Amino acid sequence: MLPRLAVDLRIARAGHAGYSHKMKTVIEPFRIKTVEPIKFTHRVERKTLIREAHYNPFLLRAEDVIIDLLTDSGTSAMSSEAWGAMMRGDESYAGARSWYRFRDTVKDIFGFEQVIPTHQGRAAEHILFSVMVRPGSIVPNNTHFDTTRANVEFVGGTPVDLVCAEADDLDSDHPFKGNMDTAALEKLVADIGPDNIPVIMVTVTNNSGGGQPVSMANVREISRIARAASIPFYIDACRFAENSHFIKQREPGYENTPTIDIAREMFSYADGCTMSAKKDAFGNIGGFLCTNDAELAQQERNILILTEGFPTYGGLAGRDLEAIAVGLREILDEHYLDYRLFSNAYVVNHLREASIPVMAPAGGHAVYLDARRFLPHIEPLQFPGQALAVELYIEAGIRAVEIGTVMFGADPKTGEEHPARLDLLRLAIPRRVYTQSHMDYVLEAIGLVWERRESIRGMKIVRAPKYLRHFTAEFDWV
Ligand code: F0G
């Protein structure tokens, strides 16, 4: 029997509105009205299923997964309010009511003058970089997400990751390991000149760096450097609410600021943002691009019409716009955000107590197991993260994604294999989908794999495409 969530509440705020001042247990801040049954499989069956999927969890049928932690993107549970709003969706081609509701909500929270709807985050990135980035451009970020990186490269730019040094130490409890190394940014701007840097970005939270937050002080400093050099500063805002709530919990001076105002302040330092509404807007689909530059927005809308749709729907149905407008309000509910960050910390803290190697402190949306230390007898070129993903599926039907040498190990030009910086297994937690008992099941399963870790073998790639191989590669045991 595992201790209840309350045991881990290092920062429980007694008297937080709605809780009795004596209660410490954090509960899921929702009741469940619609359910989706889980299909159960047996261990023996799963061995066959994963073999038939060539040991790549992406190639499994979702219904053969018991707990699906592949991504937190587009997998959230919508509320009855959002489903209700969808029925009101105005499907007019131009100037629909739903568009105005969406636009006004985005403007109220993000504060930018121009709002461009897209079908998801990467479409916003593609439009932004098509307009701003030229061959030879350099784009700094704390850590580019893989689609962001690919979109910069697609138009001939070079993405540069400038995450702070603490990010490399998986055990460090530094509160803002997603921060950009601003000294390195300043040096980059001085060395190559502002003319070669069309945009500076920061990703909140830093997904590829473990879902770690970025501090307000860091955002302010990046903004200062960008403005001094007249370079536009954009925020990749996918998990903006989780990041804002981390600032509330961890950055002195923000304890009593409403999270929505923290978000507003954060965006006030930027010139625009890209957003995937599949994360911190509870959307199953959707995204947007914002800017304060009307001329730039005009160029962006020209591409939008070509690739996504008319500027008042941009690749989305009216009902999607409605759901996102509701989701953007709900995501900033502080009871929800308390629960969201606490429930992730619950899993991470239990793993740490059991001495199971995991990235610390807990990030916002996912748990990152350190596969290299979990399976030290498997060398990086035999993909310890992939082996761990396969074993976790066999053990308990849990699906997670390798972020390591499978994803980053092959040089796209030469085809040569190199160990990635880290070998991680990401267990991303969909929003409002799984309860604490599901997480206890996950903890138990990881514990069982941990007990038999020495018998786990490495893997080899049997077949792989040249680019983004992790999605479709086929594996076998060494
Ligand atoms: N930026 C970040 C930080 C992301 O995490 C993602 C998506 C995107 C941009 C692209 O947004 O999927 O709507 O096109 N991340 C998902 C994940 C896929 O699993 O982490 P999108």
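Residues numbered from 1 in each chain as written. Predicted model: local features only at pLDDT ≥ 70, side-chain atom pairs only at ≥ 80, totals over all residues. Heavy atoms only, no water.

Student: Give me the lowdown on the overall build of the protein, citing residues and values where you can.
Tutor: Within the protein one finds 16 helices and 14 strands. The C-alpha atoms of the protein give a radius of gyration of 22 Å, which matches the 23 Å a tight globule of 478 residues would have. Its C-alpha atoms give the protein principal-axis dimensions of about 60 × 60 × 45 Å. Evaluated residue by residue, the protein yields a buried proportion of 59% over its 478 residues. (Helix = DSSP H or I, 4+ residues; strand = E, 2+ residues; numbered from the N terminus. Rg over C-alpha atoms; globule rule 2.2 N^0.38 Å. Buried < 20%, exposed > 50% of the residue type's maximum accessible area, 1.4 Å probe, protein only.)

Student: Can you tell me about the packing of helix α14 (residues 384-396) against helix α16 (residues 436-451), naming the residues and giving the values?
Tutor: At a closest axis distance of 9 Å, the pairing of α14 and α16 adopts a crossing angle of 115°. Crossing geometry of α14 relative to α16 is assigned as right-handed. Residue-level contacts link L388, E391, L392, E395 and A396 of α14 to Y441, A445, I446, L448 and V449 of α16. Along the lines of polarity and charge, the residues of the contact of α14 with α16 split into eight nonpolar, no polar and two charged. (Axes fitted to C-alpha atoms, helices over the stretch in contact; angles between N-to-C directions. Left-handed = near helix turned anticlockwise from the far one by under 90°. Contact = heavy atoms within 4.5 Å. Nonpolar A, V, L, I, M, F, W, Y, C, P; charged D, E, K, R; others polar.)

Student: I'd like to hear about the sheet that holds strand β6 (residues 233-236), residue by residue, with values.
Tutor: Spatial strand order, β2-β8-β7-β6-β5: five strands in an open sheet with mixed pairing. Each of the sheet's edge strands pairs with one partner strand only, and the pair in question is β2 (114-118) and β5 (200-203). Ignoring which end each strand starts from, the neighbouring axes of this sheet average 15° apart. Pairing of β2 with strand β8 (residues 287-291), which is carried by five bridges, proceeds in the antiparallel orientation. Paired with V115 across the two strands is C290, which belongs to β8. (Pairing = 2+ DSSP bridges.)

Student: Can you lay out the domain arrangement of the protein for me, pointing to particular residues and giving the numbers?
Tutor: Looking at the assigned domains, one finds that the protein contains domain 1 (4-65 + 334-477) and domain 2 (80-330). The gap between the C-alpha centroids of domain 1 and domain 2 is 26 Å. Counting residues at the interface gives 30 residues for domain 1 and 30 residues for domain 2. With both sides pooled, the region where domain 1 packs onto domain 2 buries about 2700 Å², and carbon together with sulfur makes up 51% of that total. (Domains from an automatic or database assignment. Buried area = accessible area lost by both parts, 1.4 Å probe.)

Student: Outline the site of the ligand, supporting the account with residue identities and numerical values.
Tutor: The full set close to the ligand counts 17 residues, and T71, R122, D236, S276 and K279 are the nearest of them. R122 has a polar side-chain atom sitting 2.6 Å from an oxygen atom of the ligand. In the model, an oxygen atom of the ligand is placed 2.8 Å from a nitrogen or oxygen of the R426 side chain. In isolation the ligand has 470 Å² of accessible area, and contact with the protein removes 93% of it. At three residues, helix α4 (residues 121-132) tops the list of elements feeding residues into the shell around the ligand. Residue composition of the shell around the ligand, grouped by class: two nonpolar, eight polar and seven charged. (Near = heavy atom within 4 Å. Polar contact = N/O pair within 3.5 Å; in protein donor to acceptor, adjacent residues only side chain to side chain. Areas by Shrake-Rupley, 256 points an atom, 1.4 Å probe, with all protein chains shown as cover.)

Student: Lay out the environment of T41 with the relevant residues and their values.
Tutor: Along the chain, T41 falls in the segment before α1 (43-52). The exposure class of T41 is buried, given its relative accessible area of 7%. Each C-alpha atom of the pair T41 and G415 lies 38 Å from the other, and the pair is 374 residues apart in sequence. Each residue touching T41, except ones within four places of it in the same chain, is listed here: R46, L49, D64 and I66.

Student: Kindly report on the pairing of strand β4 (residues 158-161), identifying the contributing residues and their values.
Tutor: Residues in a regular strand project their side chains so that they alternate between the two faces of the sheet. Bridge analysis of strand β3 (residues 138-141) against β4 gives four bridges, and the strand direction is parallel. Within the sheet, the bridge partner assigned to I138 lies in β4 and is T158. Regarding the hand of the β-α-β motif, the stretch spanning β3, helix α5 (residues 146-154) and β4 is right-handed. (Right-handed = clockwise from strand over helix to strand, strands pointing away.)

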